[in-house]
Amino acid sequence: MASIKGLLPSETKYDGSALRIAIVHARWNREVIDALVAGALQKLKEAGVKESNIVVQSVPGSFELPLACSRMIAGSHIQLASNDTDLLGGLNFGTYPKVPSRTGTPAPVAAVTMPNEPFDAVIAIGVLIKGSTMHFEYICDSVSHALMKIQVDTGVPVIFGVLTALTDGQALDRAGLGRGENKGHNHGEDWGLAAVEMGSHCRRWGQGKFA
Ligand code: RBF
(Lines give C-alpha, C1' and ligand atoms only; values in the text may rest on other atoms or scores of the structure.)
Protein backbone atom coordinates (compact mmCIF):
# COMPACT_ATOMS: atom_id res chain seq x y z
CA MET A 1 0.00 0.00 0.00
CA ALA A 2 1.28 3.47 -0.86
CA SER A 3 2.45 5.48 2.13
CA ILE A 4 0.65 8.69 3.13
CA LYS A 5 3.87 9.96 4.70
CA GLY A 6 5.90 12.76 3.16
CA LEU A 7 5.88 16.26 1.73
CA LEU A 8 3.26 17.20 -0.84
CA PRO A 9 4.92 19.48 -3.40
CA SER A 10 3.82 23.11 -3.14
CA GLU A 11 1.28 24.26 -5.72
CA THR A 12 3.12 27.57 -5.93
CA LYS A 13 6.39 27.79 -7.81
CA TYR A 14 8.58 30.13 -5.81
CA ASP A 15 10.97 32.45 -7.61
CA GLY A 16 14.43 32.39 -6.09
CA SER A 17 16.00 34.90 -8.46
CA ALA A 18 16.14 37.66 -5.84
CA LEU A 19 17.14 35.44 -2.92
CA ARG A 20 20.49 34.94 -1.23
CA ILE A 21 20.91 31.51 0.34
CA ALA A 22 23.66 29.96 2.47
CA ILE A 23 24.41 26.27 2.82
CA VAL A 24 26.55 25.12 5.73
CA HIS A 25 27.39 21.44 5.89
CA ALA A 26 29.26 19.11 8.20
CA ARG A 27 31.99 16.82 6.82
CA TRP A 28 31.17 13.69 8.82
CA ASN A 29 29.77 10.90 6.61
CA ARG A 30 30.96 12.71 3.54
CA GLU A 31 29.49 10.55 0.80
CA VAL A 32 25.98 11.21 2.07
CA ILE A 33 26.71 14.88 2.74
CA ASP A 34 27.96 15.46 -0.80
CA ALA A 35 24.79 13.99 -2.31
CA LEU A 36 22.57 16.07 -0.03
CA VAL A 37 24.45 19.30 -0.80
CA ALA A 38 24.28 18.54 -4.53
CA GLY A 39 20.51 17.92 -4.27
CA ALA A 40 19.95 21.19 -2.43
CA LEU A 41 22.08 23.14 -4.93
CA GLN A 42 20.24 21.60 -7.86
CA LYS A 43 16.84 22.72 -6.55
CA LEU A 44 18.10 26.20 -5.61
CA LYS A 45 19.34 26.69 -9.16
CA GLU A 46 16.16 25.27 -10.70
CA ALA A 47 14.19 27.80 -8.62
CA GLY A 48 16.25 30.59 -10.14
CA VAL A 49 18.69 31.33 -7.30
CA LYS A 50 21.78 32.80 -8.91
CA GLU A 51 25.05 31.01 -8.35
CA SER A 52 26.61 34.27 -7.13
CA ASN A 53 23.91 34.41 -4.42
CA ILE A 54 24.68 30.96 -3.01
CA VAL A 55 27.34 30.66 -0.31
CA VAL A 56 28.58 27.21 0.75
CA GLN A 57 30.65 26.69 3.89
CA SER A 58 31.73 23.56 5.74
CA VAL A 59 32.34 22.69 9.40
CA PRO A 60 33.76 19.50 10.95
CA GLY A 61 30.62 17.91 12.39
CA SER A 62 26.93 18.49 12.95
CA PHE A 63 27.58 19.79 16.44
CA GLU A 64 29.25 22.82 14.83
CA LEU A 65 26.27 23.65 12.58
CA PRO A 66 24.31 25.94 14.93
CA LEU A 67 27.25 28.22 15.66
CA ALA A 68 28.12 28.35 11.98
CA CYS A 69 24.54 29.32 11.05
CA SER A 70 24.44 31.94 13.75
CA ARG A 71 27.76 33.54 12.75
CA MET A 72 26.98 33.41 9.03
CA ILE A 73 23.62 35.12 9.52
CA ALA A 74 25.25 37.80 11.69
CA GLY A 75 28.12 38.17 9.22
CA SER A 76 25.78 38.70 6.30
CA HIS A 77 24.19 41.61 8.15
CA ILE A 78 27.57 43.10 9.05
CA GLN A 79 28.64 42.81 5.42
CA LEU A 80 25.49 44.70 4.52
CA ALA A 81 26.08 47.34 7.19
CA SER A 82 29.64 47.94 6.03
CA ASN A 83 28.21 48.79 2.64
CA ASP A 84 25.93 51.45 4.11
CA THR A 85 26.84 55.09 4.14
CA ASP A 86 25.17 55.25 7.55
CA LEU A 87 27.87 53.74 9.73
CA LEU A 88 25.47 52.64 12.46
CA GLY A 89 22.87 51.11 10.16
CA GLY A 90 22.42 47.60 9.13
CA LEU A 91 22.41 45.11 11.99
CA ASN A 92 18.80 44.33 11.67
CA PHE A 93 17.82 40.77 12.50
CA GLY A 94 14.54 39.56 11.17
CA THR A 95 13.38 42.66 9.35
CA TYR A 96 12.73 42.55 5.67
CA PRO A 97 13.05 44.55 3.60
CA LYS A 98 16.07 46.25 5.12
CA VAL A 99 14.91 49.44 6.76
CA PRO A 100 17.14 52.19 8.14
CA SER A 101 17.80 51.48 11.81
CA ARG A 102 17.65 55.22 12.63
CA THR A 103 16.10 58.21 11.04
CA GLY A 104 17.79 61.58 10.76
CA THR A 105 20.90 60.51 8.92
CA PRO A 106 19.89 60.94 5.36
CA ALA A 107 21.87 58.42 3.45
CA PRO A 108 21.72 58.42 -0.30
CA VAL A 109 19.72 55.46 -1.50
CA ALA A 110 22.58 53.12 -2.16
CA ALA A 111 22.25 50.60 -4.92
CA VAL A 112 22.88 47.56 -2.73
CA THR A 113 24.19 44.80 -4.92
CA MET A 114 22.88 41.31 -4.26
CA PRO A 115 26.03 39.71 -2.84
CA ASN A 116 25.78 42.15 0.08
CA GLU A 117 22.21 41.33 0.99
CA PRO A 118 21.62 39.34 4.19
CA PHE A 119 20.79 35.70 3.73
CA ASP A 120 17.13 34.93 3.08
CA ALA A 121 17.62 31.39 4.36
CA VAL A 122 20.36 29.10 5.61
CA ILE A 123 20.36 25.35 4.99
CA ALA A 124 22.18 23.38 7.71
CA ILE A 125 23.21 19.95 6.43
CA GLY A 126 24.60 17.17 8.59
CA VAL A 127 24.43 13.40 8.78
CA LEU A 128 24.32 11.76 12.20
CA ILE A 129 24.51 8.00 12.31
CA LYS A 130 23.84 6.23 15.58
CA GLY A 131 26.85 4.54 17.10
CA SER A 132 27.29 2.54 20.25
CA THR A 133 27.47 5.47 22.65
CA MET A 134 25.06 8.21 23.69
CA HIS A 135 26.80 10.76 21.42
CA PHE A 136 24.13 10.47 18.76
CA GLU A 137 21.27 11.30 21.12
CA TYR A 138 23.06 14.29 22.65
CA ILE A 139 24.13 15.78 19.32
CA CYS A 140 20.73 15.23 17.63
CA ASP A 141 18.91 16.82 20.52
CA SER A 142 21.17 19.82 21.01
CA VAL A 143 21.62 20.57 17.31
CA SER A 144 17.93 20.46 16.46
CA HIS A 145 17.00 22.70 19.40
CA ALA A 146 19.81 25.14 18.63
CA LEU A 147 18.91 25.41 14.93
CA MET A 148 15.27 26.08 15.80
CA LYS A 149 16.32 28.75 18.30
CA ILE A 150 18.51 30.49 15.71
CA GLN A 151 15.75 30.78 13.15
CA VAL A 152 13.22 32.04 15.67
CA ASP A 153 15.66 34.48 17.27
CA THR A 154 17.03 35.92 14.01
CA GLY A 155 13.92 35.67 11.84
CA VAL A 156 16.03 34.04 9.14
CA PRO A 157 14.73 30.60 8.12
CA VAL A 158 17.14 27.82 9.04
CA ILE A 159 16.32 24.71 7.06
CA PHE A 160 16.78 21.55 9.10
CA GLY A 161 18.93 19.43 6.85
CA VAL A 162 20.22 17.10 9.53
CA LEU A 163 19.66 13.40 8.94
CA THR A 164 19.44 11.38 12.13
CA ALA A 165 19.80 7.80 10.97
CA LEU A 166 19.97 4.60 12.97
CA THR A 167 22.01 2.83 10.27
CA ASP A 168 24.26 3.63 7.31
CA GLY A 169 21.53 2.23 5.05
CA GLN A 170 18.96 4.73 6.34
CA ALA A 171 21.33 7.63 5.73
CA LEU A 172 22.13 6.44 2.19
CA ASP A 173 18.42 5.97 1.39
CA ARG A 174 17.61 9.52 2.48
CA ALA A 175 20.26 10.91 0.15
CA GLY A 176 19.11 8.91 -2.87
CA LEU A 177 22.12 6.62 -2.56
CA GLY A 178 20.35 3.44 -1.43
CA ARG A 179 22.26 0.29 -2.24
CA GLY A 180 19.11 -1.70 -2.94
CA GLU A 181 16.83 -1.60 -5.96
CA ASN A 182 15.19 1.52 -4.61
CA LYS A 183 17.81 4.26 -4.28
CA GLY A 184 15.54 6.34 -2.04
CA HIS A 185 14.81 10.03 -2.25
CA ASN A 186 17.43 12.76 -1.92
CA HIS A 187 16.12 14.96 0.88
CA GLY A 188 18.63 17.66 0.00
CA GLU A 189 16.31 18.52 -2.89
CA ASP A 190 13.45 19.18 -0.46
CA TRP A 191 15.72 21.39 1.64
CA GLY A 192 16.66 23.51 -1.38
CA LEU A 193 12.98 24.00 -2.19
CA ALA A 194 12.14 24.71 1.46
CA ALA A 195 14.82 27.42 1.57
CA VAL A 196 13.36 29.18 -1.47
CA GLU A 197 9.80 28.86 -0.16
CA MET A 198 10.64 30.10 3.34
CA GLY A 199 12.93 32.85 2.05
CA SER A 200 10.14 34.09 -0.24
CA HIS A 201 7.53 33.92 2.53
CA CYS A 202 9.71 35.81 4.99
CA ARG A 203 10.40 38.60 2.49
CA ARG A 204 6.67 38.99 1.85
CA TRP A 205 5.64 38.69 5.48
CA GLY A 206 8.31 41.21 6.44
CA GLN A 207 6.61 43.68 4.12
CA GLY A 208 3.21 42.99 5.71
CA LYS A 209 1.98 41.18 2.61
CA PHE A 210 -0.06 38.06 3.16
CA ALA A 211 -1.82 37.62 -0.16
N1 RBF B 1 29.30 14.48 13.59
C2 RBF B 1 28.41 14.26 12.60
O3 RBF B 1 28.10 15.17 11.84
N4 RBF B 1 27.84 13.03 12.44
C5 RBF B 1 28.13 11.97 13.26
O6 RBF B 1 27.58 10.89 13.05
C7 RBF B 1 29.05 12.21 14.31
N8 RBF B 1 29.33 11.20 15.19
C9 RBF B 1 30.20 11.44 16.19
C10 RBF B 1 30.49 10.41 17.10
C11 RBF B 1 31.40 10.62 18.13
C12 RBF B 1 31.68 9.51 19.10
C13 RBF B 1 32.03 11.89 18.26
C14 RBF B 1 33.03 12.15 19.36
C15 RBF B 1 31.75 12.90 17.36
C16 RBF B 1 30.85 12.70 16.33
N17 RBF B 1 30.54 13.72 15.40
C18 RBF B 1 29.64 13.49 14.43
C19 RBF B 1 31.30 15.00 15.44
C20 RBF B 1 30.61 16.11 16.21
O21 RBF B 1 29.49 16.60 15.49
C22 RBF B 1 31.61 17.29 16.43
O23 RBF B 1 32.16 17.68 15.18
C24 RBF B 1 32.75 16.94 17.36
O25 RBF B 1 32.27 16.39 18.55
C26 RBF B 1 33.60 18.20 17.68
O27 RBF B 1 32.79 19.18 18.32
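Per an unreviewed UniProt entry, the protein goes by 6,7-dimethyl-8-ribityllumazine synthase and derives from Armillaria gallica. Turning to the protein, the UniProt annotation filed under Catalytic activity (unreviewed entry) states: "(2S)-2-hydroxy-3-oxobutyl phosphate + 5-amino-6-(D-ribitylamino)uracil = 6,7-dimethyl-8-(1-D-ribityl)lumazine + phosphate + 2 H2O + H(+)". Database annotation for the protein, UniProt heading Pathway (unreviewed entry): "Cofactor biosynthesis; riboflavin biosynthesis; riboflavin from 2-hydroxy-3-oxobutyl phosphate and 5-amino-6-(D-ribitylamino)uracil: step 1/2."

## With respect to the overall build of the protein
A tally of helices and strands in the protein yields 5 helices and 4 strands. Along the protein, helices and strands appear, N-terminal first, in the series β-α-β-α-β-α-β-α-α. By residue count, 34% of the 211 residues in the protein fall in the buried class. Considering only contacts in the protein between residues 6 or more positions apart, those separated by 24 or more positions represent 75%.

## With respect to the site of the ligand
Near the ligand, the surroundings consist of 16 residues, among which Ala 26, Trp 28, Gly 61, Ser 62 and Phe 63 are the closest. At the level of elements, β3 (121–129) and α3 (135–154) are the ones that each hand at least two residues to the shell around the ligand. At 4 residues, the largest contribution of residues to the shell around the ligand is made by β3. Its residues assigned to classes, the shell around the ligand comprises 8 nonpolar, 7 polar and 1 charged.

## Considerations on the sheet that holds strand β4 (residues 158–165)
Spatially, 4 strands are ordered β2-β1-β3-β4 in an open sheet, and the strand pairing comes out parallel. Single-partner strands in this sheet number two, and they are β2 (54–59) and β4. Averaged over all pairs of adjacent strands, the angle between their axes in this sheet comes to 15°, without regard to strand direction. Each of β1 (21–26), β2, β3 and β4 is contacted by helix α1 (residues 30–46), which is oriented at about 155° to β3, the strand it contacts most.

## A closer look at the confidence of the model for the protein
Counting all residues, the mean pLDDT for the protein is 87, and 81% of those residues have values of 70 or more. Counted against residues more than four places away or in other chains, residues 86–103, with its pLDDT under 50, gives 34 contacts.

## Digging into unusual backbone geometry
Located in the positive-phi region is Asn 29, a residue other than glycine, with phi close to 60°. Within the secondary structure, Asn 29 sits in the loop between β1 and α1.

## Considerations on helix α5 (residues 187–206)
Its 20 residues place the ends of α5 28 Å apart at the C-alpha level, agreeing with the 28 Å of an ideal helix rising 1.5 Å per residue. Of all the residues in α5, the buried ones are His 187, Gly 188, Trp 191, Gly 192, Leu 193, Ala 194, Ala 195, Val 196, Gly 199 and Ser 200. Close packing links the buried residues of α5 with β1, α1, β3 and β4. Taken from the residues just after α5, Gly 208 is the one with a positive phi, measuring 75°.

Analysis parameters
- Residues numbered from 1 in each chain as written.
- Predicted model: local features only at pLDDT ≥ 70, side-chain atom pairs only at ≥ 80, totals over all residues.
- UniProt positions renumbered as here; feature names shortened; annotations may be inferred.
- Helix = DSSP H or I, 4+ residues; strand = E, 2+ residues; numbered from the N terminus.
- Buried ≥ 20, exposed ≤ 12 C-beta atoms within 10 Å, placed from the backbone.
- Contact = placed C-beta atoms within 7 Å.
- Near = placed C-beta within 6 Å.
- Nonpolar A, V, L, I, M, F, W, Y, C, P; charged D, E, K, R; others polar.
- Pairing = 2+ DSSP bridges.
- Axes fitted to C-alpha atoms, helices over the stretch in contact; angles between N-to-C directions.
- pLDDT = per-residue confidence, 0-100.
- Expected span 1.5 Å × (residues − 1).

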